[in-house]
Amino acid sequence: LRAVRLLNDLEAIAHAVPALLPGDLRTLNAGHAETYGAIAVIAPGTGLGEAYITRSRAGYQVFPSEGGHTNFGPTNAQEVGLLSYLLQRFDHVSCERVCSGIGLPNIYAYLKSSGVAAESRVVSERLAAAHDPTPVISEAALDAAAPDPLALATMRLFVSILGAEAGNLALKILATGGVYIGGGIPPRILPLLEDGAFLRAFTHKGRFAELLARMPIQVILHPEVALLGAATYAMSS
């Protein structure tokens, strides 16, 4: 090797976006992509990553960011309560504190403490035994036979927060080229992303709602999208 370049994980995912095939994506909003419009990438996994892409006749250019560490901005009374709850525990409540794998247990604890629903003994035991509580919460919420009420409320609040933050990012970079949602969590919760709550939160931006409603939104399903992006970058360098 003559050279090595380290990529931010979201930078790698963003490099993959132009190479993704239709089968690698699930459409949440068809919209209309402008050819040279900026593209937003947001990815809730263990943390919350954000990046963006610009396009010109010379090709695509990718920019990483640390947007996941910006302040969490509540959009309703329940989210105000969540922020107040977390400010008693953390000096800084970022978007990542609530919209990621490390954030889901925070939402769960808040809803449990506020009495939205009782914690079931089964889920409590699974959480106590789990190294990572996030899959326990999401699986309990999406149990087709008997969705757990507290876990389901947690995931619904998570989806609303993700939609709002994706809309924030889309406005900040004017993502008329589309919005791509990556990370490990979204492919596992597609039914919740597709039930309308995400899109309502995404477009809930006052007079810019119509602009946001025109932006295509895709969930990335490719299981090795960061590796694909790193390879794409290497081949183009």
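About the thresholds
- Residues numbered from 1 in each chain as written.
- Predicted model: local features only at pLDDT ≥ 70, side-chain atom pairs only at ≥ 80, totals over all residues.
- Heavy atoms only, no water.
- Buried < 20%, exposed > 50% of the residue type's maximum accessible area, 1.4 Å probe, protein only.
- Helix = DSSP H or I, 4+ residues; strand = E, 2+ residues; numbered from the N terminus.
- Pairing = 2+ DSSP bridges.
- Disulfide = S-S within 2.5 Å.
- Core = buried A, V, L, I, M, F, W, Y, C linked by side-chain atoms within 4.5 Å.
- Contact = heavy atoms within 4.5 Å.
- Phe/Tyr/Trp six-rings, centres within 6.5 Å; stacked < 30°, edge-to-face > 60°.
- Lys NZ or Arg CZ within 6 Å of the ring centre and 35° of its normal.
- Axes fitted to C-alpha atoms, helices over the stretch in contact; angles between N-to-C directions.
- Parallel < 35°, antiparallel > 145°, perpendicular 65-115°, else oblique.
- Nonpolar A, V, L, I, M, F, W, Y, C, P; charged D, E, K, R; others polar.
- Salt bridge = Lys/Arg side-chain N within 4 Å of Asp/Glu carboxyl O.

Engineer: Where do I start with the pairing of strand β6 (residues 217-220) in this structure?
Structural biologist: Moving residue by residue along a regular strand, the side chains alternate between the two faces of the sheet. The side-chain alternation of β6 yields two buried faces, one formed by Ile217 and Val219 and the other by Gln218 and Ile220. Two elements, strand β5 (residues 178-181) and β6, share three bridges in a ladder whose sense is parallel. Across the sheet, Val179 pairs through a bridge with Ile217, a residue of β6.

Engineer: I would appreciate a short explanation of the state of the cysteines in the present structure.
Structural biologist: Structurally, a disulfide amounts to a covalent bond that connects the sulfur atoms of two cysteines. Inspection of the entire model under this criterion finds zero disulfides. In this structure Cys95 is not part of a disulfide, and its nearest cysteine sulfur, from Cys99, lies 7.1 Å away. Accessibility expressed as a relative area gives 4% for Cys95, which makes it buried.

Engineer: Explain the nonpolar core here, please?
Structural biologist: It is characteristic of soluble globular proteins that their nonpolar side chains tend to be buried jointly. In this structure, Leu82, Phe158, Leu193, Phe198 and Phe202 are the most contacted members of the largest nonpolar core, which totals 54 residues. Residues contacting Phe202, with those up to four places away along its chain left out, are Gly163, Ala164, Ala166, Gly167, Ala170, Val179, Leu212, Met215 and Ile217.

Engineer: Explain the environment of Glu194 to me, please; I cannot follow it from the model alone.
Structural biologist: Within the secondary structure, Glu194 sits in the loop between α7 (190-193) and α8 (197-203). Spatially, the C-alpha atom of Glu194 lies 6.3 Å from that of Leu28, the residues being 166 residues apart in sequence. Apart from the residues lying within four places of it in its own chain, the contact partners of Glu194 are Arg26 and Leu28.

Engineer: Whenever I open this one, the packing of aromatic side chains confuses me. Can you help?
Structural biologist: Geometrically, a pair of aromatic rings is defined through the distance of the ring centres and the angle of the planes. Throughout the structure, instances matching the rule amount to three aromatic pairs. With centroids separated by 5.6 Å and ring planes inclined at 55°, the aromatic side chains of Tyr85 and Tyr110 adopt a geometry described as tilted. Pair noted here: Tyr85 is in helix α2 (residues 77-87) and Tyr110 is in helix α3 (residues 104-113), with a separation of 25 residues, a long-range link. This pair shows no difference in class: Tyr85 is buried, exactly as Tyr110 is. The ring of Tyr85 has Arg89 lying over it, and the distance from NZ or CZ to the ring centre is 3.6 Å. For Arg97, the ring lying beneath its charged end belongs to Phe90, and the centroid distance is 3.8 Å.

Engineer: Looking at this structure, I do not really get the sheet that holds β6. What am I missing?
Structural biologist: Paired through their backbone hydrogen bonds, the strands of a sheet run either parallel or antiparallel. Judged by pairing direction, the sheet is mixed, and its six strands sit side by side in the order β1-β6-β5-β2-β3-β4 without closing on themselves. Each having just a single partner strand, β1 (25-29) and β4 (59-64) make up the two edges of the open sheet. The sheet shows a mean angle of 25° between the axes of neighbouring strands, taken without regard to direction.

Engineer: Can you walk me through the packing of helix α5 (residues 133-141) against helix α6 (residues 149-173) in this structure?
Structural biologist: Angle between the axes and distance between the axes: these two values describe a pair of packed helices. Relative to each other, α5 and α6 sit at 105°, their axes nearing to 7 Å. Taken together, the axes of α5 and α6 lie roughly perpendicular to each other. Packed against α5, whose contacting residues are Ile137, Ser138, Ala140 and Ala141, the element α6 presents Ala151, Leu152, Thr154 and Met155 at the interface. Taken together, the residues of the contact of α5 with α6 sort by class into six nonpolar, two polar and no charged.

Engineer: Sorry if this is basic, but what is going on with the pairing of strand β2 (residues 39-44) here?
Structural biologist: Within β2, six of the six residues are buried, leaving the element largely enclosed by the surrounding structure. The side-chain alternation of β2 yields two buried faces, one formed by Ile39, Val41 and Ala43 and the other by Ala40, Ile42 and Pro44. Between β2 and the antiparallel strand that follows it, strand β3 (residues 48-56), lie three residues. Here four bridges tie β2 to β5, and the two strands are oriented parallel to one another. For Ile42, the partnering residue across the bridge sits in β5 and is Ile181.

Engineer: Help me understand the pattern of salt bridges, please; the structure alone is not making it clear to me.
Structural biologist: Note that side chains of opposite charge can pair when their charged atoms are close. Tallied over the full model, the rule gives five salt bridges. The partner of Glu119 in a salt bridge is Lys112, with the nearest N and O atoms 2.8 Å apart. Glu125 is the salt-bridge partner of Arg121, the closest N and O atoms lying 3.0 Å from each other. Residue Arg121 and its partner Glu125 are both found in helix α4 (residues 121-129); the two are separated by four residues, about one turn of the helix. For Glu125, a relative accessible area of 45% gives the class partly exposed.

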